[in-house]
Amino acid sequence: MAARPQSSHERAEESTSRPTTAELLDLLGDEYTRRVFEVVSERPRGGRAVAEAAGVSRATAYRRLNELQDAGLVTSEHQISSDGHHREQFAASARHLSISLDDGDIEAAVSFGL
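Remember, it's a predicted structure, so these values are computed and weren't measured experimentally.

Analysis parameters
Residues numbered from 1 in each chain as written. Predicted model: local features only at pLDDT ≥ 70, side-chain atom pairs only at ≥ 80, totals over all residues. Heavy atoms only, no water. Core = buried A, V, L, I, M, F, W, Y, C linked by side-chain atoms within 4.5 Å. Buried < 20%, exposed > 50% of the residue type's maximum accessible area, 1.4 Å probe, protein only. Helix = DSSP H or I, 4+ residues; strand = E, 2+ residues; numbered from the N terminus. Contact = heavy atoms within 4.5 Å. Pairing = 2+ DSSP bridges. Axes fitted to C-alpha atoms, helices over the stretch in contact; angles between N-to-C directions.

What to know about the nonpolar core
Judged by nonpolar contacts, the single largest core of 21 residues is most densely connected at F37, V40, L68 and L73. Elements with a minimum of two residues in this core: helix 2 (21-28), helix 3 (31-42), helix 4 (47-54), helix 5 (58-70) and strand 3 (86-92). No other element matches helix 3, which puts four residues into this core. With near-sequence residues (within four places) excluded, V40 lies in contact with V50, L65, V74, F90, A91 and A92.

As structure tokens, this is what we get:
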């Protein structure tokens, strides 16, 4: 049986290393990053729509989206609109984040899903 070819989303997810607990806490400790992540968690959106919904500038939205993508928490996909323009849509790939405290150690775990 031949293996199913991987989608670009699957390849990107595989190649992205998972952030450490400290990296996750630092990343999500930023108010603007949390706002951006929350709006793409609601539904996929383009960069301008993310900025508007999160109440941040477009530059801030794109900077935070890039950081979230680097951490593997957000994915993007190019779409062609009816007017022929290419637009990038951002969506949350992380579905659940848990923080545990055990004997003075803090650990974060991220669950990914569709």
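Some points on the sheet that holds strand 3
Read across the sheet, three strands follow the order 1-3-2 without closing on themselves; strand pairing throughout is antiparallel. One side of each edge strand has no neighbouring strand; the edge strands of this open sheet are strand 1 (45-46) and strand 2 (74-80). Bridge count between strand 1 and strand 3: two bridges; the pairing is antiparallel. When the sheet's bridge partners are listed, G46 is paired in strand 3 with Q89. Sitting on the sheet, helix 5 is in contact with strand 2 and strand 3, with an inclination near 115° to strand 2.

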